[in-house]
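Here is how the chains run, residue by residue.
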Amino acid sequence: MYVAYGWPKLLPIGGSQERLIHVSVSGSLLLLVSSSDVQVWSASQHRTKLGQLVRDPTSVQYEGVNIQAKWSSDSKRVVVMTSGCILHFYDIYLLEKQLKLSGEEIGLRLVEVHLRYTVNLLTTAFHESISACCLTADDQSVVVGLSDGRLQLVSWTGELLGTAELLEGPATSSGTLYIPETNGSPTLPVPAPLAVHPSFSTPNNDTIGESGFGQLELSAALHLLVAVLTDGYVLLCSINEKGLKQVRDIVPEKWVGITDAVCASIAHHQQILAVGCMRGTVELFNLADNALPLRTVSLFDWGYSVEDTGPVNCISFTPDNFAFSVGWQHRGLAVWSVSGCRLMCTIRQGSVSNVFSPSFSMFHGTDLSRSEPMVGGVAALAWGEQGYQLFAVEQRNVARLVEFPFAKSCVSQNVVGVAQAWQLLQGDDRVLLVQSDEEDQLKLQHLVIPQSYIGINWPVIHVAANEDGTYLAVAGRRGVILYDLQLRKWRVFGDVTQERQVQCVGLLWIGKIVVICNYRESNKSYELSLYPRYHLDETSLLYRRQLPDKPIAMDVWQDFILVTCPPFDVNIFHVHVHGNLSPLKPATVQLFPVRELSIMNARKPPLAMHFLPNVPGDWDPPPPCDGSCGDGFRDVVGEAILRQPTRCMLLRTDGELSLLDLEQGSERRLISGVERFWLTCGRPKEEAALIKEVPWWAYGHRGMQVWYPSSPADSSDDLQDAWELDPELDFDREVYPLGLCPGPGVIVGIAQRLSLSACAAMPCFEPTPQAQPILPCLLRHLLQRDKAEEALQLARLSCGRPHFSHSLEWLLFTVFDAAVSSQYVNKKRGKFSPTASRLLHQVCRLVRHFPEYLDVVVSVARKTDGRHWSELFEAAGRSTELFEECFLKGSYRTAACYILVIQKLEGPTISQQSAVRLLKATLEVAMYELAGELCRFLLRSGREYEADKEAERNIFSAFFLGLSSP
């Protein structure tokens, strides 16, 4: 999950008016290629130009300007293609000389750029009209796409390796073809021909010169070459596993079902292909499943059409492939999660009118770049090494490079977490904390890491919070720093030499102990190092244990640590602390292995794992050791084996969530398409006693889902069927859930907001926390299982929370809305299904126990169709009786809301009589505004009842006299 924060930076690239045609990041270096030069900048904490090579004007005149570029994976070579079909190969050398800031070295080395080879591609063309269109490369060779549909293979040493007639076919289709509609609406799948590209379906191939290459994208990890043609078709080709050495290593495989493609990008880890279209949409395809379509993302749902943004111009995935950025040709930049949640957008909501259009600003001299970045479109995109920065080149500004700062989910809690006091996001030099204040309102706080630590260990790599939310552990490239959230103090390694020996690849808390998975460069090994939080020093090291390999998943529960190493070896350790951890009397800590498990299957590797309790009571922490605990190896290990969890949740890199039996090694698939999941642990004991099942929560492209497992022995089919899309958990598509917050009982999400300032050149991106109560979901679950008494007790425990009234209203609304929907599904107009009607009556009986009942019922009525009010008030009570309750309690505003319901259900006479009674009462307490509304209602209704005309005149006279009185 990624979210933009702060002000974008406009990078000073030297004042050159040359158009930037390429931007990319490799490690700590940023490559910028303009029409006539190659620049290398630092992509680390300080944005500094390290080296530059400017082409000779004569070379530009005869060989053409730069139009395409590609950086090698080792950051040592760059190939640049010119408009004159010339390839320039540059070498990048890192010099020993380092830059200094205020007299101190900052770890930046100068760079020299040298032109090594020049290759003329025109010698391979058959006639002069053929030109080079695009290029890509792997570690072996450079692939150049020609305008006639052929591919030219060139080695990194400048040797021509031959050409391939790639588009001669045959290649199969992916089974469905997405045909764009002229009005820019989302695509619709239709049967696709199993033939080849239309240009090659004619016998004489007369149209073979009409389709060339628009873009080439290569994935060495997937052995895949993606070719986007100029006529909108996309071809997938397989390449040799050892790399491209000969043209026959490229084999056409299939056509992707799309006809208006402009650009493409590959997510190697997720095996997803993103294709940008002329319609302004992005189509996602599953490369692991025969390139079948996954979903479509666009700005249509936010009111933006292709006329506002233009076609998609470029797409770039984050380094971890959990999100991708999209730049449009005419206007706008956005970032989406793979599941389809919009995380960031530069186009301000409601700014699609002509006043904000690029054409308007062009003719009226309005500078929209100060209020909206990328208002001139996006030419190129590139993410930083860790995904903390997004570099964007503006389309209509010749040399405008903007850097957007981003924060992302913590690596240790990226996809799985427990209910905690804090929700964490990590930036390159800070931690963003989302917490409830004293009024249970969500607030976001920026915790900036001290420069004395982050200056030499930039950026932040790992962040972990302890169980009670009082301490944070933060790890950069080297060392670890701790923060006391109560005392607001930092603690670092006292010895800089020791800090440089710590290269953290995993970070956990277990009680008062911080667990660091450390990589030691001296012997190239991985180890678990346990330190007390009160002292970071080798003299205070509690325990150290070697690991077989770098962990791919880690978790902790009570005093158990789970470490999973590749390919899929699960190790569970028990941490035994003898004594109390304090600076005065050091304790003895031992780490015992209690289980080792090796799993062999053909599925994707694990992305995250989380312990599951054997029974709900296992969530309670173990009793503290008072020093009398037995310290024998047999006693400690035997007790740990009995208490250790026997199951864990497993999320794989392809989004498959499953349940792993740690005793048998068996695995049961639960659901696919999951990005994050949570367990509702850490709840108050009173609530945990009412809900025996521990709810499991998952988020993906389907939205929020919840499951209440009744027992560990559920069958696989039951597990999968038990997942449900809960209407109470429906987030907006621009709010991404972070986790569960136990205090106010909500799911915490994050959304982006834009704020403008007259003193800033760019708008500020503000991450805004959003709360979604989970109480309606829990109450409905209990009521569906005939646990009305438990539901009432749970509601009473939550009645003091700020979202309680909204939770009751949302519960009644969703249940009533589901009942109305079931009425249409079952084709029983006028009568709810027995199950829906029963649940509706249960909810009304539950809500009636609270003083919010009268407001909740009428609020739900106002939000629903009046044709179904009879069913609602059949369960909630007669509208006249509810009006009378409001009248007697003095809740005149709520009573006034019932007037329209009474008019609909009881007739105009009774509603007008009720309105007159309420009008008299409001005049007595000087509620003239409400009295005026009642008068207008009476005038509209026509007063068709038999009433005392004299009394009526007195009422209206008193009303107007009251309005005129002081």
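Before any of the text, the structure's been laid out above.
Just so we're clear, the structure is a prediction, and the values are computed from it rather than from any experiment.

Caption draft 1: Focus on the sheet that holds strand 39 (residues 481-484). With antiparallel pairing, the 4 strands of this open sheet are ordered in space as 37-38-39-40. This sheet does not close on itself; its edge strands, each paired only once, are strand 37 (462-465) and strand 40 (489-491). Strand after strand, the sheet turns through a mean of 20 degrees between neighbouring axes, direction not considered. Direction of pairing for strand 38 (residues 471-475) relative to strand 39: antiparallel, over a ladder of 4 bridges. Counterpart to A473 in the pairing with strand 39 is L482.

Caption draft 2: Structural detail: the side chain of T318. By the element assignment, T318 lies in the loop between strand 26 (312-317) and strand 27 (323-328). Within polar-contact distance, the side chain of T318 engages the backbone nitrogen of F322 at 3.4 Å. Aside from chain neighbours lying at most four places away, what touches T318 is Y2, A323 and W383.

Caption draft 3: Fine view of the packing of aromatic side chains. Tallied over the entire structure, the rule returns 21 aromatic pairs. Judged by centre distance (5.9 Å) and plane angle (80 degrees), the ring pair of F404 and F765 falls under edge-to-face. Of this pair, F404 sits in strand 32 (residues 401-409) while F765 sits in strand 59 (residues 764-773); the two residues are 361 residues apart in sequence, bridging distant segments of the chain. The same class applies to F404 as to F765, namely buried.

Caption draft 4: Summary view of the sheet that holds strand 44 (residues 543-547). Judged by pairing direction, the sheet is antiparallel, and its 4 strands sit side by side in the order 41-42-43-44 without closing on themselves. Each edge of the open sheet carries a strand with a single partner, namely strand 41 (504-510) and strand 44. Put simply, the sheet's adjacent strands are angled 20 degrees from each other on average, direction ignored. Direction of pairing for strand 43 (residues 525-532) relative to strand 44: antiparallel, over a ladder of 5 bridges. Within the sheet, the bridge partner assigned to S529 lies in strand 44 and is R544.

Caption draft 5: Region of the structure containing the environment of A587. Note that A587 resides in the loop between strand 47 (569-578) and strand 48 (588-598). Separated by 55 residues in sequence, A587 and P532 have C-alpha atoms that sit 9.7 Å apart. In contact with A587, other than residues within four places in its own chain, are L542, V577, H578, G579, N580 and L581.

Caption draft 6: Looking closely at the pattern of salt bridges. One pass over the structure, following the stated rule, counts 31 salt bridges. Of the charged contacts, one joins E403 and R47 as a salt bridge, the two residues approaching to 2.8 Å between their closest N and O atoms. Linking E403 in strand 32 with R47 in the loop between strand 5 (37-42) and strand 6 (49-54), this pair joins segments that are 356 residues apart in sequence. Here the two residues E403 and R47 agree in accessibility, since each one is buried.

Caption draft 7: How the structure looks around the environment of R150. You can see R150 is positioned in the loop between strand 12 (141-146) and strand 13 (151-155). Separated by 18 residues in sequence, R150 and A132 have C-alpha atoms that sit 9.7 Å apart. Separated by 2.6 Å, the side chains of R150 and D148 make a polar contact.

Caption draft 8: Representation of the packing of helix 9 (residues 775-784) against helix 10 (residues 788-797) within the structure. Where helix 9 meets helix 10, the closest approach of the two axes is 8 Å, and the angle between their N-to-C directions is 160 degrees. On the basis of their axis angle, the class for helix 9 and helix 10 is roughly antiparallel. Remark: the crossing between helix 9 and helix 10 carries right-handed chirality. Across from L775, L778, L779, L782 and L783 in helix 9, the residues of helix 10 making contact are A788, E790, A791, L794 and A795.

Caption draft 9: Molecular detail of the pairing of strand 5. Counting buried positions along strand 5 yields 6 of 6 residues, so the element is predominantly enclosed. Two strands pair when backbone bridges link them, and strand 4 (residues 29-34) and strand 5 are joined in this way by 5 bridges, in the antiparallel orientation. Counted as the bridge partner of L29 is S42 from strand 5. Hairpin connection from strand 4 to strand 5: 2 residues lie between these consecutive antiparallel strands. Looking at chain direction, strand 5 and strand 6 are connected through 5 bridges and run antiparallel. Bridge assignment links D37 to a residue of strand 6, and that residue is V54. Following strand 5, the chain reverses through 6 residues before pairing antiparallel with strand 6.

Caption draft 10: Just the pairing of strand 43, in detail. Counted residue by residue, strand 43 has 8 buried out of 8 residues, so it is predominantly covered. Covered by surrounding structure in strand 43 are S525, E527, S529 and Y531 together with Y526, L528, L530 and P532, the residues of both alternating faces. Hairpin connection from strand 42 (residues 513-520) to strand 43: 4 residues lie between these consecutive antiparallel strands, with K524 at a positive phi of about 50 degrees.

Caption draft 11: Quick peek at helix 10. Those residues of helix 10 not exposed but buried are A791, L792, L794 and A795. The buried residues of helix 10 occupy an angular sector of 165 degrees when projected down its axis, which confines them to one face.

What counts as what
Counting restarts for each chain, with residues numbered from 1 along the sequence as it is written. Where local features are concerned, this predicted model is filtered to residues with pLDDT of at least 70; where side-chain atom pairs are given and counted, the filter is 80 or more; whole-chain, interface and lining totals use all residues. Water and hydrogen atoms play no part in the side-chain values, which are based on all heavy atoms of the structure. Whether two strands pair comes down to DSSP finding at least two bridges between them. A run of H or I in DSSP becomes a helix once it reaches four residues, and a run of E becomes a strand once it reaches two; helices and strands are each numbered from the N terminus. Every angle, taken between N-to-C directions, lies between 0 and 180 degrees, and every axis is a line fitted to C-alpha atoms, over only the stretch in contact when it is a helix. Polar contact is defined as a pair of N or O atoms within 3.5 Å, subject to the rule that within protein one atom must be able to donate a hydrogen and the other to accept it, and that residues adjacent in sequence are counted only when both atoms are side-chain atoms. Only heavy atoms enter the contact rule, under which two residues are in contact if any of them lie within 4.5 Å. Working definition: a ring pair exists when centres of Phe, Tyr or Trp rings (six-membered ring for Trp) sit within 6.5 Å. Plane angles under 30 degrees give stacked, over 60 give edge-to-face, the rest tilted. For every residue, the accessible area (1.4 Å probe, protein chains only) is compared with the maximum for its type, and the residue is labelled buried under 20%, exposed over 50%, or partly exposed between those bounds. Salt bridges, as used here, are contacts in which a Lys or Arg side-chain nitrogen is within 4 Å of a carboxyl oxygen on Asp or Glu. In these notes the angle categories are as follows: under 35 degrees is roughly parallel, over 145 is roughly antiparallel, 65 to 115 is roughly perpendicular, and the rest is oblique. What makes a crossing left-handed is the near helix being turned counterclockwise from the far one by less than a right angle; a clockwise turn instead makes it right-handed. Note: the arc covers the axis-to-C-beta directions of the helix.

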